[in-house]
Amino acid sequence: MKLVWSPDAASKAYIDTVKSCENIKESGVAELLSAMAAGWNTKLIVEAWTHGGPITTSIGLAIAARHTCARHVCIVPDERSRLAYVKAMYDVVGWVSEVIVRQAEEVMGELKGVDFLVVDCTSKDFARVLRFARFSNKGAVLAFKNAFQRSTSGLRWQGQGVLDRGTRVVRSVFLPVGQGLDIVHVGSTSGSGSGESMNKNHSRWIKHVDQKSGEEHFFRGKF
């Protein structure tokens, strides 16, 4: 088993996220991550959020989870953040995903089969969150927001202690969207040939329009 790309699911989630976030003046990271999470047909989507942070990424991930019937978990550090998150989600999309009130690195070891993980590079504990993550056997997509604010781009992911040594990175790419996105694709553990078969998937293109500058960006659908 491995992650399989669905351009139809990606486009539907992208459009729904654009519609939901049209009144929120933030970068288009949410739309792109929503399309990726839905396009890879992910089943366990995990993110962390704190009070005062932007809510659009959470909206996009929640929409993607609806399209793929996935479990969407948001980890918050305290009750204040939980209340703010629940209110913001209800105000925009009318529902709220699963919320866990604890430190993110404590929860990651208990969530088995994560296949889409969003981490903020500005978080001081982001490396610990990754080391405790238990990824799906079919592979996972890791998205690192605010990459411009931290020199994660170009890291040798296993060699720098960011990912466990047994984690097989199929590919990684930096995208100049929002404050920068580092995308890492972790391969399946079902066999040595899985990485090769993933590389043979047909490429798809995603069009992303920066809401502030109006610039158009085109990205391949398999990262």
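Parameters at a glance
Residues numbered from 1 in each chain as written. Predicted model: local features only at pLDDT ≥ 70, side-chain atom pairs only at ≥ 80, totals over all residues. Heavy atoms only, no water. Buried < 20%, exposed > 50% of the residue type's maximum accessible area, 1.4 Å probe, protein only. Helix = DSSP H or I, 4+ residues; strand = E, 2+ residues; numbered from the N terminus. Pairing = 2+ DSSP bridges. Phe/Tyr/Trp six-rings, centres within 6.5 Å; stacked < 30°, edge-to-face > 60°. Lys NZ or Arg CZ within 6 Å of the ring centre and 35° of its normal. Right-handed = clockwise from strand over helix to strand, strands pointing away.

### Overview of the pairing of strand β7 (residues 140-145)
- Counting buried residues in β7 gives 6 out of 6 residues, a clear majority hidden from the surface.
- Here β7 shows no split at all, with Ala140, Leu142 and Phe144 on one side and Val141, Ala143 and Lys145 on the other all buried.
- By the bridge criterion, 5 bridges tie strand β5 (residues 116-120) to β7 in an arrangement that is parallel. Bridging from a neighbouring strand, Leu117 pairs with Leu142 of β7.

### Structural notes on the packing of aromatic side chains
- Under the counting rule described, the total for this entry stands at 3 aromatic pairs.
- Ring geometry for Phe148 and Phe174: centres 5.3 Å apart, planes at 65°, overall edge-to-face. Placement of the pair is Phe148 in the loop between β7 and β8 (169-175) and Phe174 in strand β8, with a sequence separation of 26 residues.
- Here the basic side chain of Arg66 rests over the ring of Trp95, its NZ or CZ set 3.7 Å away from the ring centre.

### Here we look at the pairing of strand β2 (residues 71-76)
- Within β2, 5 of the 6 residues are buried, which leaves the element mostly enclosed by the surrounding structure.
- Here strand β1 (residues 44-48) runs beside β2; their pairing, made up of 5 bridges, is parallel. Bridged to Ala48 within β2 is Ile75.
- A crossover links β1 with its parallel partner β2, the connecting element being helix α3 (residues 56-68), and its sense is right-handed.
- Both β2 and strand β3 (residues 98-101) contribute to a ladder of 4 bridges, which runs parallel. Opposite Val76, over in β3, you have Val101 as the bridge partner.
- Handedness of the β2-helix α4 (residues 79-92)-β3 crossover: right-handed.

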